[in-house]
Amino acid sequence: MCEYCGRPIVAVTAGRPRRYCTAACRQRAYRSRALAADARERIELGQLALQLRDNADRLLLLAQGWQPPDGADPVDSVLTDTVRLATELAARGHVLRSDEGGHETPAPRSPE
């Protein structure tokens, strides 16, 4: 059975067993996998950007004098986490771009 469309595959006597019934199904399966990988990458980048924005909000609150109820000083841990998130976004080849509403979103870095 074809892994993409489910149609029966003509068995071959030599070589590896076929996974797809036609070259078109093989290409469609490849494109489907590529789109799924791109969607996963976009979701992960969005989650990193949201975490980075949350850290920025926490740092703003801390700069304005807010203290957590337990009395701990989280500035060092928030700063360390913020640097880690920004480094990971940069390593993936993306930079943050602000839109008209002031929201930061991941944008692809242009090749230089």
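Owing to the predicted nature of the structure, the values given are computational and were not obtained by experimental measurement.

Novice: Which residues make up the overall build of the protein, and what values go with them?
Specialist: Counting its secondary structure elements, the protein contains two helices and two strands. N-terminal to C-terminal, the α/β element order of the protein is α-α-β-β. With 112 residues in all, the protein has 16% of them scored as buried. Of all intrachain contacts in the protein linking residues separated by at least 6 positions in sequence, the fraction that spans at least 24 positions is 33%. Carbon and sulfur atoms make up 55% of the accessible area of the protein, which totals about 8700 Å².

Novice: Could you give an account of the nonpolar core, naming the residues involved and the relevant values?
Specialist: Judged by nonpolar contacts, L45, L48, L52, L85 and L89 together constitute the single largest core of five residues. Of all the secondary-structure elements, those providing two or more residues to this core are α1 (23-63) and α2 (75-91). Ranked by residues supplied to this core, first place goes to α1 with three residues.

Novice: So what's going on with α1? Which residues, and what values?
Specialist: Compared with an ideal rise of 1.5 Å per residue, which puts 41 residues at 60 Å, α1 spans 60 Å between its outermost C-alpha atoms and is within 8% of the ideal. Those residues of α1 lying buried are C25, A29, L45, L48, A49, L52, N55 and L62. Within two residues after α1, G65 carries a phi angle of roughly 100°, on the positive side.

Novice: So what's going on with α2? Residues and values would help.
Specialist: In a regular helix each residue adds 1.5 Å, so 17 residues correspond to 24 Å; α2 covers 24 Å between its end C-alpha atoms and thus fits that length. Within α2 the residues assigned to the buried category are V78, T82, L85 and L89. Burial along α2 is one-sided: seen end-on, the buried residues are contained in an arc of 65°. Projecting away from the buried face of α2 at angles above 90 degrees are the exposed residues D76, T80, V83 and A91.

Novice: Just give me the short version of the environment of L52, but keep the residues and values in it.
Specialist: Residue placement: L52 occurs in helix α1. Residue classification places L52 among the buried residues on the basis of a relative accessible area of 10%. Between the C-alpha atoms of L52 and V83, which are 31 residues apart in sequence, the distance is 8.9 Å.

Novice: An account of the side chain of T82 is needed here, citing residue identities and associated values.
Specialist: Along the chain, T82 falls in helix α2. Residues in contact with T82, not counting those within four places in the same chain, are L52, N55 and L59.

Reading the values: the criteria
- Residues numbered from 1 in each chain as written.
- Predicted model: local features only at pLDDT ≥ 70, side-chain atom pairs only at ≥ 80, totals over all residues.
- Heavy atoms only, no water.
- Helix = DSSP H or I, 4+ residues; strand = E, 2+ residues; numbered from the N terminus.
- Buried < 20%, exposed > 50% of the residue type's maximum accessible area, 1.4 Å probe, protein only.
- Contact = heavy atoms within 4.5 Å.
- Areas by Shrake-Rupley, 256 points an atom, 1.4 Å probe, with all protein chains shown as cover.
- Core = buried A, V, L, I, M, F, W, Y, C linked by side-chain atoms within 4.5 Å.
- Expected span 1.5 Å × (residues − 1).
- Arc of directions from axis to C-beta.

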